Amino acid sequence: MVQETHLTASNLIWPIFVIEGENRTEPIGTMPGVNRMSVDLAVKAAQHAVKLGVGAIAIFPVTPQDKKSEDGRHAVDSNNLICQATRAIREATEDKIGIVCDVALDPYTSHGQDGILIDGYVANDETVQILCDQSVNQAKAGATIIAPSDMMDGRIGAIRDALDAYGFQHVGIMSYAAKYASAFYGPFRDAVGSAKNLASGDKKSYQMNPANSDEAIREVALDIQEGADMVMVKPGMPYLDIVRRLKDSFEIPIAAYQVSGEYAMLKFAAQANALNERAVVMESMMAFRRAGASAILTYFAMDVASWLSE
Ligand code: PBG
């Protein structure tokens, strides 16, 4: 009666990694329990997620190295892996689950950066142009939510205009608005195979300094003004103070991303019998909700949803 916060499966967004081929899965060494899967298996997984009431699925493609290039142009190929997966999942799930497509060039660039390099720097405005094309490409494939994770300035307004111009007024934008240059993304870069491309590079010229909190307010204010429907904080648990500050400052749904490194911490600790997996995962979910997150992106989404259904 007096519990202040609740969690349902509809709060969850499940990130998945998609590979080429058929009936194929590949384990990810740094993320035990998470498998990359081919499109046919991703469709089955999405149907299962619908049954469990999961709110949305977020698709991340593993691009073969020979399709990566300096300018990441495979991002705008209507037959790339994310478009194939999006089309197949949209058709099989009949609008019963949200389909989130990430917008950034890192799955497609030979250098692993989220944008185009000019003189060794990611060039903001040139990148925004391609991100607009990438967004429209993914909307055409059936994305219901476009999620720019690139952190370029001005991209939300530009993407909104581009989507509207192509008749995608109904496609929402979930902006990775407060995305920090974090070491917690390590396992994700293994999972999508961008770690080797990025090598010793970092993303500090466009992702945020973990020391900053006021800057998150500025970033989010800009994205809301430009037309974001939802804003994200990422990583999650180490940044719950940011979630709460945003919740107190803006009337907009907030998403928080329990990223790959957070998943790895909980999973490896549980495997070593240092933590009770189910208990800590459910506690972490409630912590996200208590801090003010409407949506939680988590690799535990299917476990959480099935625990909730017991
Ligand atoms: C790509 C992107 C990243 C993540 C989501 N989209 C990695 C990065 O910015 O390098 C990280 C997710 C995770 O660690 O689980 N722009």
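Scroll up a little and you will see the structure.
Starting afresh in each chain, residues are numbered from 1 along the sequence in its written order. In view of the model being predicted, local features appear only for residues whose pLDDT reaches at least 70, and side-chain atom pairs are presented and counted only at 80 or more, with totals across whole chains, interfaces and linings using the full set of residues. Hydrogens and water are ignored here; the side-chain numbers use all heavy atoms of the structure.

Caption draft 1: Molecular detail of the pattern of salt bridges. A carboxyl oxygen of Asp or Glu within 4 Å of a side-chain nitrogen of Lys or Arg is what we treat as a salt bridge. Across all of its chains, the model carries 16 salt bridges by this definition. Close ionic contact of Arg36 with Glu26 constitutes a salt bridge, the shortest N to O distance being 3.0 Å. A residue pair is termed long-range when its members are at least 10 positions apart, and Arg36 in strand S3 (residues 35-38) and Glu26 in strand S2 (residues 25-27) qualify at 10 residues. One salt bridge in this structure joins Arg278 and Glu310, with 3.1 Å as the shortest N-O distance. Of this pair, Arg278 sits in helix H10 (residues 277-291) while Glu310 is found in the segment after helix H11 (301-308), placing the two residues 32 residues apart along the sequence. Only DSSP runs of H or I with at least four residues qualify as helices, and only runs of E with at least two residues qualify as strands; both kinds are numbered from the N terminus onward.

Caption draft 2: Molecular detail of the layout of surface pockets. The calculated volume of the largest pocket comes to roughly 230 Å³. For the lining of the largest pocket, the elements supplying multiple residues, two or more each, are strand S1 (12-19), S3, helix H9 (260-271) and H11. Among the elements that line the lining of the largest pocket, the one with the most residues is S1, at 4 residues. Here the nonpolar group is Ala, Val, Leu, Ile, Met, Phe, Trp, Tyr, Cys and Pro; Asp, Glu, Lys and Arg are the charged ones; every other residue, Gly included, is treated as polar. For the lining of the largest pocket, the class distribution of residues is 10 nonpolar, 3 polar and 2 charged. Cavities and pockets were defined on a 1 Å grid built from protein atoms only: a cavity is a group of points that admits a 1.4 Å probe but offers it no way out, a pocket is an open group of points flanked by protein on both sides within 12 Å along at least five of seven lines, and a lining residue is one with an atom within 4 Å of any such point. Grid points are joined across faces, edges and corners, and a volume is the space filled by probe spheres set on the points.

Caption draft 3: Geometry of the side chain of His111. Within the secondary structure, His111 is located in the loop between strand S5 (98-103) and strand S6 (117-118). Under this definition, polar contacts are N or O atom pairs within 3.5 Å; protein pairs additionally need one hydrogen-donor-capable and one acceptor-capable atom, and for neighbouring residues in sequence, both atoms have to be side-chain atoms. Only 2.9 Å separates the side chain of His111 from the backbone oxygen of Glu70, close enough to count as a polar contact. Not counting chain neighbours up to four residues away, the residues in contact with His111 comprise Glu70, Leu117, Asn197 and Leu198. Contacts are assigned to residue pairs with any non-hydrogen atoms lying within 4.5 Å of each other.

Caption draft 4: Representation of the site of the ligand in the model. Throughout this document, a residue counts as near a molecule or strand when at least one of its heavy atoms sits within 4 Å of that molecule or strand. The ligand sits among 18 residues. The nearest are Lys179, Arg189, Lys234, Ser260 and Tyr299. Between the ligand and Arg189, the relevant distance is 2.7 Å, taken from an oxygen atom to a side-chain nitrogen or oxygen of the residue. Here Ser260 contributes a side-chain N or O atom positioned 2.7 Å from an oxygen atom of the ligand. Only the protein chains shown count as covering a residue, and every accessible area follows the Shrake-Rupley method with a 1.4 Å probe. The protein chains hide 99% of the 400 Å² of surface that the ligand would expose on its own. A majority-of-atoms criterion places the ligand in the largest cavity. Looking at side-chain class alone, the shell around the ligand contains 8 nonpolar, 3 polar and 7 charged residues. In this description, a molecule resides in a pocket or cavity if more than half of its atoms sit within 2 Å of the grid points defining it.

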